[in-house]
Amino acid sequence: MHLRTRLKHLALAGAALAVVTASLPGAAAADSGDRGDRPSDRGLSAVIRYTEYGIPHIVARDYANLGFGTGWAQAADQVCVLADGFLTVNGERSRYFGPDAAPDGSLSSAGTNLSSDLYFRGVKDAGTVEDLLATPAPAGPSRDLKELMRGWAAGYNAWLRKNRITDPACADADWVRPVTALDVARRGFAVSVLGGQGRAVDGITAARPPASPPAAGTDSSGAASLAGTAASDAAPLAGTAASDAVPDPDDAAEAARELFAPENATMGSNAVAFSGATTANGRGLLLGNPHYPWQGGRRFWQSQQTIPGELNVSGASLLGTAVVNIGFNDKVAWSHTVATGVPLSLHQLTLAPGDPTAYLVDGKPERMTPRAVTVAVKDGAPVTRTQWWTRYGPVVGGLGAQLPLPWTATTAYALNDPNAANLRGSDTALGFGRARSTQDIVDVLKRTQGLPWVNTIAADSAGHSLFTQSQVLPRITDELAARCSTPLGRATYPASGVAVLDGSRSDCALGSDPDAVQPGVFGPARMPVLRDTPYVENSNDSAWLAHADRPLTGYERIFGTVATPRSLRTRGGIEDVTAMADRGRLTVADLQRQQFANRAPAGDMAAADTAKACTSALPEDPEVCRVIGDWDRTVNTDSRGALLFDRFWRKFTGTVKPADQWKVPFSAADPVRTPNTLNTGLPEFGKALAAAAAELRAAGIALDAPLGAHQFVVRNGERIPVSGGTESLGIWNKAEPVWNAAGGGYVEVAHGTSHVQAVGWDGSRCPVARTLLSYSQSSNPASPHYSDQTRLFAGERWVTSRFCEKDILRSPALKVEVVRG
C-alpha cells in the first residue's frame with residue numbers, strides 16, 4: 001500500500017473512532033426488548049474496523065451500542081446459521097423444514113425437528129427465560145448483559161434491514177426474520193442447558209404415562225396426528241409395557257458411562273497455562289485449543305470489543321452470544337475445556353397407586369403438572385403433546401437411546417438441571433473480559449457462578465496460572481448419593497457421576513451451600529482449584545491431573561474421577577507440557593509449535609510393536625508392516641503411514657475393550673505412562689490390520705499415501721488438506737473427520753480444533769497474541785472469509801492479533817464502517 005493511501009486510511013479510521021466515541025448516545029433505558037418485543041435500534045451505532053481475515057474490532061460508547069455493533073457484524077458473517085438457530089429456540093423448525101428432519105445438534109440433542117420444537121416451544125410457553133431475565137443479579141443477568149443482548153438484537157435486525165443476503169443457505173428464505181432481545185436470551189438458555197435438559201430433549205418430549213384412565217383435572221386428550229396417525233398422550237412409550245420394568249443397573253451404568261465419556265463427546269478442548277516460573281520473561285502464557293463443531297450453530301466467531309475506559313477484550317464468541325467467551329485482554333487470557341462434571345441428576349419417582357401422573361413424597365401424593373405444547377408443522381395439522389413436570393423437573397423417558405428410563409405404573413424418572421435456572425454464563429464471560437488478573441477470574445467466578453459445563457484455564461501478565469472446575473452442578477455429595485441412591489443410582493453414580501436419587505423422600509433434597517447464588521448447587525468453595533503451579537493443563541479428563549505432580553483430590557464424584565485411567569490425549573498433553581515446563585524460558589512461539597506438533601501418542605506407544613507383530617499376523621503382506629514401521633508417528637499432512645495406522649487403530653480400539661488393549665495395566669502411581677505395551681497377541685489385532693489395509697486398497701488409496709492427500713475439506717471446489725487426528729490417537733490438534741472412501745478418504749471435519757489462541761505479554765501495553773480460526777469467519781461461500789483461515793490452518797500459519805490501536809490502524813486490510821440503526 002502506498003504511503004499516501006495508508007495515511008488516508010489512518011486518518012479516516014482515527015476520525016471515525018473519535019467521532020463515534022465522543023458522540024454516541026448512551027444506551028436508552030431498557031425498553032420493550034426485555035418484554036420480548038422487537039428492540040428499537042433508534043440512536044444505536046458503533047464503529048467496526050475490519051483487519052486481516054475479516055476480524056472486526058468493534059468500538060462503542062456503552063453496552064447497548066457495543067451489542068449493536070456485535071449483532072451487526074455477526075449477521076454479516078453468519079446470518080443463515082444465526083437465523084436457523086433462532087428458529088430452533090422459538091420452536092419453529094417443523095413449520096419450515098418439516099417435523100422429521102434433524103436439527104444440526106448445536107442447541108440440543110433433539111433427534112428430529114418435532115422433538116426440538118416441542119421442547120423449545122414448551123420453554124417459551126412456560127415463560128422460563130422471561131422469569132430468569134426478571135431475576136435480580138447476581139442470581140439473574142446483570143443490567144450490562146441485558147443491554148448487550150438488547151443491542152445485539154437491534155444490530156442484527158438493522159443488518160437484515162439494510163443488506164441483501166448472498167448466502168445461498170437462506171437467500172430469500174421466509175424464515176429469516178428480525179429477532180428480539182428475548183430471542184438472544186433464549187439462545188443463551190439453550191447453550192446453558194446443553195448438558196442437562198438439552199441432552200434429554202427426546203426423553204422429555206416423548207415421556208408419556210402408561211395407558212390408564214385420565215386423572216381428574218389433567219389433559220388426556222389425544223394429540224393431533226401426523227399423516228393421519230393418531231398419537232395419544234395417554235399411550236405408553238414405544239416398546240415400554242405399563243408394568244414394573246426397571247432398567248438393569250449394570251447395563252444402565254455402562255450406558256451412562258458411555259453417554260458422559262469425554263471421548264464420545266462432540267465437543268472437547270485442550271488448554272494449558274504456564275506460570276512465570278517457566279517462561280522467558282516471568283510472565284504467564286496461555287494456549288487455548290477448543291475442539292468444537294466445524295459447521296452449524298456452535299461455531300466460534302472472532303472479534304475485539306471495546307468500550308473506551310470500560311472494556312477492551314479480544315477473542316471468540318459462540319454464535320448468537322453478545323460477549324467474548326474465550327479470549328484475552330492486555331493483562332489476562334483464558335480458555336475453557338469441557339469438564340467432566342455431570343450437570344444433571346435424576347430422581348426416581350414412586351407413583352401414587354392407580355395414578356401414574358401423581359407421585360409420593362414422604363407418603364403424600366403430589367400431582368405432576370401437565371404442559372400441553374402445540375407445534376406448527378409444514379404441510380400438516382399442528383401437533384400437540386403434553387410434557388409432565390414435577391418439583392424436580394420434567395419427567396424423562398430416557399437419556400438418549402442408550403439409557404431408557406421407562407415410565408411404568410409404579411415408577412417414573414424426573415430430571416433436575418440446575419442450569420435451567422442459570423442465565424449468568426455471559427455475565428461470567430463479560431467479567432473475564434474486564435479482569436486484570438487470574439485473581440479477578442476467580443472473583444468473577446465466585447460472583448457470577450455462570451459456567452454450566454466447562455473448566456477455566458487462565459494466565460496473566462504478572463506470571464500467575466490458574467485451573468478451576470467452577471461449574472453449576474447439582475449439589476450431589478457422595479454422602480447424599482450413598483444415603484439416597486436407588487438401586488439404579490448405586491450403579492450409575494460411581495460409574496458415571498449420574499445420580500439417581502429417591503424422589504419419594506424429602507430428606508433426599510439437594511440442599512444449598514451458603515456461598516451458592518442459587519439453591520441446590522455447589523458453592524465456589526467446593527470447586528477444584530489449582531493456582532500458580534508451573535503449568536496447569538486439561539484435555540477433558542477430570543481435575544485430578546491438572547498438574548501431574550500435584551494431583552487434585554477431595555472433590556465429590558459428580559465433578560469427576562480420581563486415580564482412574566486418563567485418555568491418550570490427556571497423557572500425551574501432560575508429557576508435552578511437562579517437558580516444556582522443564583525446559584523453561586518459554587515464549588508464545590513455543591505454544592505455536594505445541595499446537596502443530598501433531599505427535600500421535602498412540603503411535604509412540606504402539607507403532608513399533610504393531611510393525612514387529614505385523615510380520616507374524618500378516619506374513620503374506622509385508623507392505624503393511626513396512627509402512628507402519630516407517631511412519632514418523634505424526635499426523636502432519638505429509639506423514640506417510642498415518643492414514644493406515646489411523647484406520648487400523650480405530651478398528652482395533654473399536655472392537656477390544658480398553659482394559660484388554662494393553663499388557664501392562666493402569667497404575668494410579670504412574671498414571672501418565674500406564675497402561676502400556678500393546679496386546680498384539682489378540683486375534684482382533686491381525687484382523688484390524690488386514691481390514692485397514694483392505695479398506696484403503698479397495699478405495700484406491702496407497703498404504704503410504706501422505707495424510708493430507710486423503711484428509712481434507714473442500715471449499716468452493718478447492719481441496720484443502722488438514723492435519724491432526726482422532727481422539728483415540730491422543731492428538732492435541734484434534735480432528736474428527738468424516739470417512740468417505742468413495743470420496744477420497746476423510747472428506748470433511750465434523751469437529752475438532754476450532755478457535756486457537758496463543759497469548760503472552762512482553763511488558764508493553766499490547767499482549768503478544770497469535771490466533772487461528774480453523775474454519776474461518778463466515779459460513780457464506782460468497783464471502784472472502786469463507787476459507788481464508790482454513791488455508792492458514794492447512795499451512796500451520798497464524799494470525800498476528802491486532803489488539804492495540806496502533807496495530808489496528810496499521811493493518812493493510814483496514815476497512816472502517818460506522819454502522820447505525
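If you're wondering where the values come from, they're calculated on a predicted model, not measured in any experiment.

> Quick rundown of the overall build of the protein chain? Include the residues and the values.
Scanning the protein chain from terminus to terminus reveals 21 helices and 34 strands. Its C-alpha radius of gyration of 27 Å places the protein chain within 12% of the 28 Å reference for a compact globule of 821 residues. Residues classed as buried in the protein chain amount to 62% of the 821 residues present. Surface exposure of the protein chain reaches about 28700 Å², of which carbon and sulfur atoms provide 53%.

> I'd like to hear about the pairing of strand 31 (residues 755-760), residue by residue, with values.
The element strand 31 is largely enclosed, with a buried count of 6 among its 6 residues. Neither face of strand 31 is open: one carries His 755, Gln 757 and Val 759, the other Val 756, Ala 758 and Gly 760, and all of them are buried. Sheet topology places strand 6 (residues 285-293) next to strand 31; 3 bridges connect them, and they run antiparallel. The residue bridging Leu 286 from the neighbouring strand is Val 759, located in strand 31.

> I'd like a rundown of the layout of surface pockets, residues and numbers included.
Taking a probe equal in size to a water molecule and rolling it over the atoms shows the remaining empty space. For the largest pocket, the calculated volume is near 1500 Å³. For the largest pocket, the lining is made up of 45 residues, of which Arg 257, Ala 261, Glu 263, Ser 567 and Pro 658 are closest to its centre. Going through the elements one at a time, helix 9 (249-260), helix 13 (487-496), helix 14 (568-583) and helix 18 (642-655) are the ones with two or more residues in the lining of the largest pocket. Of the residues forming the lining of the largest pocket, the biggest block, 5 residues, is contributed by helix 18.

> Describe the environment of Trp 649, naming the residues involved and giving the relevant values.
Following the sequence through the fold, Trp 649 ends up in helix 18. Sequence-wise, Trp 649 and Leu 689 are 40 residues apart; in three dimensions their C-alpha atoms are separated by 8.4 Å. The residues contacting Trp 649, other than those within four sequence positions of it, are Leu 568, Ala 602, Ala 606, Gly 654, Trp 662, Leu 678, Ser 728 and Leu 729.

> Got a sec to walk through the sheet that holds strand 2 (residues 55-59)? Specific residues and values, please.
Taken together, 10 strands build an open sheet; the order of strands is 23-21-20-10-9-8-7-2-1-34 and the sheet is mixed. Both outer strands of the open sheet, strand 23 (529-531) and strand 34 (815-820), are each paired with one neighbouring strand and no more. Recorded for the sheet is a direction-independent mean angle of 20 degrees between the axes of neighbouring strands. In the sheet, strand 1 (residues 45-51) pairs with strand 34 via 6 bridges, with the strands oriented antiparallel.

> Before we move on, could you go through the state of the cysteines and cite the residues and values that matter?
Within this structure, the stated rule accounts for 4 disulfides. The disulfide that involves Cys 484 links it to Cys 508, with 2.1 Å between the sulfurs. Note on the Cys 484 and Cys 508 pair: the S-S dihedral is about -90 degrees, so by sign convention the disulfide is left-handed. In this pair, Cys 484 sits in helix 12 (residues 478-484) while Cys 508 sits in the loop between strand 22 (500-502) and strand 23, placing the two residues 24 residues apart along the sequence. The disulfide partner of Cys 614 is Cys 625, and the S-S distance across this bridge is 2.1 Å. A torsion of -75 degrees about the S-S bond marks the disulfide between Cys 614 and Cys 625 as left-handed. Remark: Cys 625 occurs in helix 17 (residues 622-630) and Cys 614 occurs in helix 16 (residues 601-617); sequence separation between them is 11 residues. This pair shows no difference in class: Cys 614 is buried, exactly as Cys 625 is.

Rules used throughout
- Residues numbered from 1 in each chain as written.
- Predicted model: local features only at pLDDT ≥ 70, side-chain atom pairs only at ≥ 80, totals over all residues.
- Heavy atoms only, no water.
- Helix = DSSP H or I, 4+ residues; strand = E, 2+ residues; numbered from the N terminus.
- Rg over C-alpha atoms; globule rule 2.2 N^0.38 Å.
- Buried < 20%, exposed > 50% of the residue type's maximum accessible area, 1.4 Å probe, protein only.
- Areas by Shrake-Rupley, 256 points an atom, 1.4 Å probe, with all protein chains shown as cover.
- Pairing = 2+ DSSP bridges.
- 1 Å grid on protein atoms, 1.4 Å probe; cavity = no way out; pocket = protein on both sides within 12 Å on 5 of 7 lines; lining within 4 Å.
- Points joined across faces, edges and corners; volume = space filled by probe spheres on them.
- Contact = heavy atoms within 4.5 Å.
- Axes fitted to C-alpha atoms, helices over the stretch in contact; angles between N-to-C directions.
- Disulfide = S-S within 2.5 Å.

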